[in-house]
Structure formats: structure tokens, C-alpha cells
Amino acid sequence: MDVSHINLDQPLSIGVMHRLRFTSDAFNPANRTLRDVFAAGGEREPRRTIALIDSGVGKATPDLAERISAYADAHADAMRLVHPPEVVPGGEAAKNSLNLFHHVLDLTHEHHLCRRSVVLAIGGGAMLDAVGFAAATAHRGVRLVRMPTTTLAQDDAGVGVKNGVNYFGKKNFLGAFAAPWAVVNDDRFLQTLADRDYRAGFSECVKVALVKDPAFFDRIEAAALEIAERRPEAANPVIAHSAILHLNHIARGGDPFELSEARPLDFGHWSAHRLEALTNFELRHGEAVAIGIMLDATYSHLVGWLDRASLNRIERCLRALGFELSHPALRDPEPLLNGLEEFREHLGGRLTIALLRGIGMMQDVHEIDRTLMERSIEHVRGLD
Ligand SMILES: NC(=O)c1ccc[n+]([C@@H]2O[C@H](COP(=O)([O-])OP(=O)(O)OC[C@H]3O[C@@H](n4cnc5c(N)ncnc54)[C@H](O)[C@@H]3O)[C@@H](O)[C@H]2O)c1
Ligand SMILES: [Zn+2]
């Protein structure tokens, strides 16, 4: 056989199951949700487990470590803690250095976790990103069970397949695509969030509604004031629907690892990522996304795509949720506009920016008119 010209192009089908659960009071021993996801692999032996708690959650719920231990004891058939539950840094600091990443690798090594063991990460999007990156890297992938504890992590960040840390002062410069073993959203965690962190996650709901689901935008708009008052009966269904839309896009959109140019879920994000870095992460991701949505919606209007009434609705909805849309970082457009090139580099290939043709209707463009974008920045800066 002549082997000098063999070309084999074969698609890889990745047989990965993504498990998303919604529950309340997950560490009540009578609640079997978490136990069942641990047992989902079908193995007889309990999973060797380390549990890590975001410092914000640890502070707000001091008995959590004890409750996790009691839960593990009650479900010793499915999980075995090989290290006491540990509080680790939360917030953007968790992913602004490699400390937490290294710490998780150390624990994985010390406690002999294998690829069937579980890293249970309980925290906000930043902590989940850093812990998830370590779990994706150790042994090329230890099982990761995420328990997102912020609105943003429950409705977006904790649900997907992206893990990573900031590096060279750039958001998510280091990271890996890896599906979690399971994601368990427990609404009880949201009760202890600061107002600011509670609010922040709803910009991602608005984002996904604007690019995918106009009826969902109507629902958020109608519920916005009650959400701002933190009424669970208004807020929880919005969080759940957003999580499901994000997961459906990832699982059914045909491009879980973002190989193509189209990135609808990144609507409003080129500027958001830049604004976070420019403000030294003083702006929360969700707050920056609210501004980013407003910038790209305004630009969509200025190029003649989005009508004025729709732009006004978006602005009113974000305001009703409690977002501030103007920010001092909008004073100098130049450093912000450099975010376009950074975004292109991060995605690879041509610049691709999602714009709006209407509410629930997006379209990609590959060029941004800097003068018009400067006008959008000026408009949003003047909003308050
Ligand atoms: N991987 C992804 O697909 C993805 C998607 C969107 C955003 N993100 C990332 O997520 C991060 C933002 O996540 P976030 O909005 O969850 O903020 P965060 O993780 O920074 O958390 C905000 C603050 O809330 C605290 N906290 C968390 N849960 C708490 C609770 N239940 N009670 C009291 N305090 C609590 C944290 O300690 C922190 O101080 C950004 O780094 C962003 O880039 C990732
Ligand atoms: Zn986001």
C-alpha cells in the first residue's frame, strides 16, 4: 500500500452529556438532586470529591461547609469528600491570577483525584471559571460539578462549556472548552447576594432575549420592576429561561466550541470585556454587559437597522432593572474602541459583531464604522 498520500478527514462526534438541574436547598439531605448527578456515571464506588466554596458565599453562609459534609455523609454511596470543604477566593480576583488555578491542581494531586473524581465548585462566575479551568486541565479533565451562586452564573456563566482565567490583563486569555459533568442551580444561594450582584445577571437575560427570543424580552420588560425588587416569583423563571436558552444554543446550535465566526451570545460583549479591564474590574461583568448592549443597540439604530422605539424599550428595560448606563470609562472612546481588535484576536479570524435588526433579531457584521461607534459611545455616555 502506498502510504505517501493518505488524507483522512473525519468529524469527531463528542459523546458528552450536559446535565442542568434547578432545585432549592440542594444540601438538605432529603434533596437527592446533587446525589443523583454524582451517581449519574453509573459507577458503584462513591466519587472522590473535593468541594470548593467562593469566599463571598462562605462569608454569607458560614455553616455551608458543615452542611456539605453532612450531605456527603448522608449520601456516602455516591460521594466521598477526600478533603474538608474549603473556602477559596471569589470574585474577579479568583481569575486575575493563577493562584486558585494552581491550588486546585495541588489539591487534585495531593488527594489523588482521577478523571472520575469530582471537583464540586460552588460560587460566582469568576470562581467557577478559574476552578473549571483547573478541572479541565488536570488529567486532561476531572469531572466538574458547578453550583452557580450568582444570578449571572446561574443564567449564563455557570451553564456553558467555557472555563478560563484572565492573563496579560486580557479577559479569559487562558482557558479551555470543557463540558461540566453537571450544573446544579439552587435559588437559595441568590438570597445572600448584594443588590449589585443580584442585579448584574439580568443583563445576560436581556442579551439572550434580544438576539434569540422577542417574547422573552416582553416578559423581562413586564417583570423588570419586580425583578429589581428581588421578587423570586418574577426573577427565578427569567433566570431559568435564560439558562435554558444559553444551554440550547450551546447544545443544539451546532458549534459548542465556537469554531465558526457567529457568536450571538457575545452580543454587547466586545465593549463589555474592554470596559471591565479599563475599570480595573470595578465594573462587574453584568454591569459592563448592560452598557455594551446599549452601545451596540445604539449603533444598530444609527446604521438604520433598529428603530427608535425598540432602542427606547431596551434602554427603559435596562434602567427598570436598575442598571446605570453611563460610565466615566466612556469619556475617552479611543481605549474602548481598541477592544474591537482585542475581541477579533480572541475569537480568531474576521471581526464579527452581532447587531440588532429588531428585538429578537440579530445579524452579524464584519466591519464597524468608528465614527458611528464614537457617536454611540457619546450617546450612551450622555444617558444619565
Ligand atoms: N464561562 C462563561 O461562559 C462566562 C460567561 C459569562 C461570564 N463569565 C465570567 O463570569 C464572571 C462574573 O461572574 P459573576 O457575575 O457571577 O460575579 P463574581 O463571580 O465576580 O461574583 C461577584 C461577587 O459575589 C460574591 N458571591 C458569589 N455568590 C454569592 C452569594 N450567593 N452570596 C453572597 N456573595 C456571593 C463573590 O464572592 C463576588 O464577590 C466574569 O469573570 C465573567 O467573565 C463567564
Ligand atoms: Zn457575559
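Up top you'll find the structure we're talking about.
Okay, so let's go over this structure. (Residues numbered from 1 in each chain as written. Chains lettered and ligands numbered in written order. Predicted model: local features only at pLDDT ≥ 70, side-chain atom pairs only at ≥ 80, totals over all residues. Heavy atoms only, no water.)

**Focus on helix α12 (residues 269-278)**
Part 1 of the reasoning: For α12, a buried count of nine out of 10 residues is recorded, marking the element as mostly surrounded by other parts of the structure.
Part 2 of the reasoning: Turning to α12, its buried residues are H269, W270, S271, A272, H273, R274, L275, E276 and A277.
Part 3 of the reasoning: Each element contacted by the buried residues of α12 is listed here: β8 (170-177), α9 (202-212), α13 (285-302), α15 (333-347), β10 (353-358) and α16 (370-381).
Part 4 of the reasoning: Looking one or two places after α12, you find N280, whose phi comes out positive at around 55 degrees. (Buried < 20%, exposed > 50% of the residue type's maximum accessible area, 1.4 Å probe, protein only. Helix = DSSP H or I, 4+ residues; strand = E, 2+ residues; numbered from the N terminus. Contact = heavy atoms within 4.5 Å.)

**Comments concerning the layout of surface pockets**
Part 1 of the reasoning: One number sums up the size of the second largest pocket: a volume of about 490 Å³.
Part 2 of the reasoning: Around the second largest pocket, the lining comprises 21 residues; the ones closest to its centre are V16, R115, G141, V142 and A179.
Part 3 of the reasoning: Listed by contribution, the elements that provide at least two residues to the lining of the second largest pocket are α6 (125-137) and β6 (143-148).
Part 4 of the reasoning: When its residues are assigned to classes, the lining of the second largest pocket shows 13 nonpolar, four polar and four charged. (1 Å grid on protein atoms, 1.4 Å probe; cavity = no way out; pocket = protein on both sides within 12 Å on 5 of 7 lines; lining within 4 Å. Points joined across faces, edges and corners; volume = space filled by probe spheres on them. Nonpolar A, V, L, I, M, F, W, Y, C, P; charged D, E, K, R; others polar.)

**Some points on the site of ligand 1**
Part 1 of the reasoning: As a matter of local geometry, ligand 1 sits amid 23 residues, with D54, T149, T150, K171 and T192 nearest to it.
Part 2 of the reasoning: Residue D54 places a side-chain N or O atom 2.6 Å away from an oxygen atom belonging to ligand 1.
Part 3 of the reasoning: Between ligand 1 and D129 there is a distance of 2.8 Å, counted from a nitrogen atom to a side-chain nitrogen or oxygen.
Part 4 of the reasoning: When isolated, ligand 1 has an accessible area of 870 Å², and the protein chains bury 89% of it.
Part 5 of the reasoning: Put simply, the parts of the chain that give the shell around ligand 1 at least two residues each are α2 (55-60), α6 and α7 (151-157).
Part 6 of the reasoning: When grouped by side-chain class, the residues that make up the shell around ligand 1 number six nonpolar, nine polar and eight charged. (Near = heavy atom within 4 Å. Polar contact = N/O pair within 3.5 Å; in protein donor to acceptor, adjacent residues only side chain to side chain. Areas by Shrake-Rupley, 256 points an atom, 1.4 Å probe, with all protein chains shown as cover.)

**So, empty space enclosed by the protein**
Part 1 of the reasoning: The final tally for this structure, using the stated rule, is one cavity of 30 Å³ or more.
Part 2 of the reasoning: Of the voids in this model, the largest cavity is the one considered here, and its volume is about 50 Å³.
Part 3 of the reasoning: Surrounding the largest cavity, R263, D266, F267, G268, H269, W270, D296, F343, T352, I353, A354 and D364 form its lining.
Part 4 of the reasoning: Only α12 and β10 provide two or more residues apiece to the lining of the largest cavity.
Part 5 of the reasoning: Looking at the lining of the largest cavity residue by residue, the classes come out as five nonpolar, three polar and four charged.

**A few points about the packing of aromatic side chains**
Given two aromatic rings, one states the distance between the centres and the angle between the planes to describe the pair.
Part 1 of the reasoning: Under the counting rule described, the total for this entry stands at six aromatic pairs.
Part 2 of the reasoning: The interplanar angle of 65 degrees and the centroid separation of 4.8 Å between the aromatic rings of Y167 and F168 together place this pair among those described as edge-to-face.
Part 3 of the reasoning: By relative accessible area, F168 is classed as exposed at 61%.
Part 4 of the reasoning: Aromatic pair Y198 and F202: ring centres 5.6 Å apart, planes at 50 degrees, arrangement tilted. The same class applies to Y198 and to F202, which are both buried.
Part 5 of the reasoning: Each residue in the set Y167, F168 and F173 is aromatic and connected to the rest through ring pairs, giving one cluster. (Phe/Tyr/Trp six-rings, centres within 6.5 Å; stacked < 30°, edge-to-face > 60°.)

**Remarks on α9**
Part 1 of the reasoning: Where burial is concerned, most of α9 is hidden: 10 out of the 11 residues are buried.
Part 2 of the reasoning: Of all the positions in α9, only F202, S203, E204, C205, V206, K207, V208, A209, L210 and V211 are classed as buried.

**Re the pairing of strand β2 (residues 47-54)**
Part 1 of the reasoning: By the criterion of burial, β2 is predominantly enclosed, with seven of the eight residues buried.
Part 2 of the reasoning: Examined bridge by bridge, β2 and strand β5 (residues 118-123) share five bridges and lie parallel to one another. What sits directly across from I50, in β5, is V119.
Part 3 of the reasoning: In this sheet, strand β4 (residues 86-88) lies alongside β2 in parallel orientation, the contact comprising three bridges. Residue I53 lies in a different strand from β4, and its bridge partner there is V87. (Pairing = 2+ DSSP bridges.)

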